[in-house]
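These are the residues of each chain, in order.
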Amino acid sequence: MADDMVNVDAGTGTGTGSGTGTGTAAGVRDGDAVSRFVERFAAQLTEAGMQRMAARVFAQLLASDGGAMTSAELGEALRISPAAVSGAVSYLTQVNMVSREREPGSRRDRYVLHNELWYETFTRRDQVLTLWEKTLREGAAALGTDSPAGARVAETAAFFEFMQGEMLGLMDRWRTHKATIGLG
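Residues numbered from 1 in each chain as written. Predicted model: local features only at pLDDT ≥ 70, side-chain atom pairs only at ≥ 80, totals over all residues. Heavy atoms only, no water.

Quick notes on the confidence of the model for the protein
Looking at the protein as a whole, its pLDDT mean stands at 82, while 80% of the residues score no less than 70. Note that pLDDT drops below 50 for residues 1-25; the model gives that stretch 60 contacts with residues more than four away or on any other chain. (pLDDT = per-residue confidence, 0-100. Contact = heavy atoms within 4.5 Å.)

Given below as structure tokens:
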């Protein structure tokens, strides 16, 4: 059982043992419970369409107190190769879910979750919806809105237009709600 627990340095919030980067200032955290959470959430992200290894790396970063880990820390925590970490981080960087930062005085990179990650992700999705809506409207016009295919494409464009309008209001409501529940 002791090998499954993580001892924490209260000053840095980092731990030693099987749960590197997942410690709490409160003292000890169950490394097995953290690993189960990471794997369960990663599996759910994978089912939703994210690449498996990227989902595992993302979930591990999310579970780390600092929201940042080195490649070696990620590899150790997830028991994966440096190449697997590199591929996952490359994907996560490409979709703007993490960024790469250089450790001061070191040549090692740290992979960092973005602040307000979900807000930024949904805001970027809004940009994608704008592009899709425009393309769909052009497609509906080319197909003719009186045809079954044109009507279907026009309805899809209208759906994305609706989603965009709702997304802006939703994000504003989230910021207001977040302030009321003490999350900053």
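A closer look at the pairing of strand 6 (residues 109-113)
For strand 6, a buried count of four out of five residues is recorded, marking the element as mostly surrounded by other parts of the structure. The pairing of strand 4 (residues 68-70) with strand 6 spans three bridges and is antiparallel. Within the sheet, the bridge partner assigned to Ala68 lies in strand 6 and is Val112. As paired strands, strand 5 (residues 98-102) and strand 6 are joined by five bridges and run antiparallel to one another. Bridge assignment links Ser99 to a residue of strand 6, and that residue is Val112. Where strand 5 folds back on strand 6, the antiparallel hairpin that results is connected by six residues, among which Gly105 adopts a positive phi of roughly 75°. (Buried < 20%, exposed > 50% of the residue type's maximum accessible area, 1.4 Å probe, protein only. Helix = DSSP H or I, 4+ residues; strand = E, 2+ residues; numbered from the N terminus. Pairing = 2+ DSSP bridges.)

Focus: unusual backbone geometry
Phi angles above zero are rare outside glycine, and Arg79 is one such case at about 55°. Relative to the helices and strands, Arg79 is located in the loop between helix 3 (71-78) and helix 4 (82-94). A residue is classified by how much of its surface remains accessible, and Arg79, at 72% relative accessible area, is exposed. Phi at Asn96 is positive, roughly 60°, even though this residue is not glycine.

Side note on the pattern of salt bridges
The final tally for this structure, using the stated rule, is eight salt bridges. Salt-bridge contacts for Arg29 lead to Asp65; the nearest nitrogen and oxygen are separated by 3.4 Å. Of the two residues, Arg29 is situated in strand 3 (residues 28-30) and Asp65 in the loop between helix 2 (52-63) and strand 4; the sequence distance between them amounts to 36 residues. Owing to a relative accessible area of 42%, Asp65 belongs among the partly exposed residues under this scheme. Of the charged contacts, one joins Glu73 and Arg110 as a salt bridge, the two residues approaching to 3.8 Å between their closest N and O atoms. Highlighted residues: Glu73 in helix 3 and Arg110 in strand 6, separated in sequence by 37 residues. Among the residues examined, Arg110 registers a relative accessible area of 23% and is labelled partly exposed. In this structure, a network of salt bridges that share partners links the residues Arg100, Arg102 and Asp109. (Salt bridge = Lys/Arg side-chain N within 4 Å of Asp/Glu carboxyl O.)

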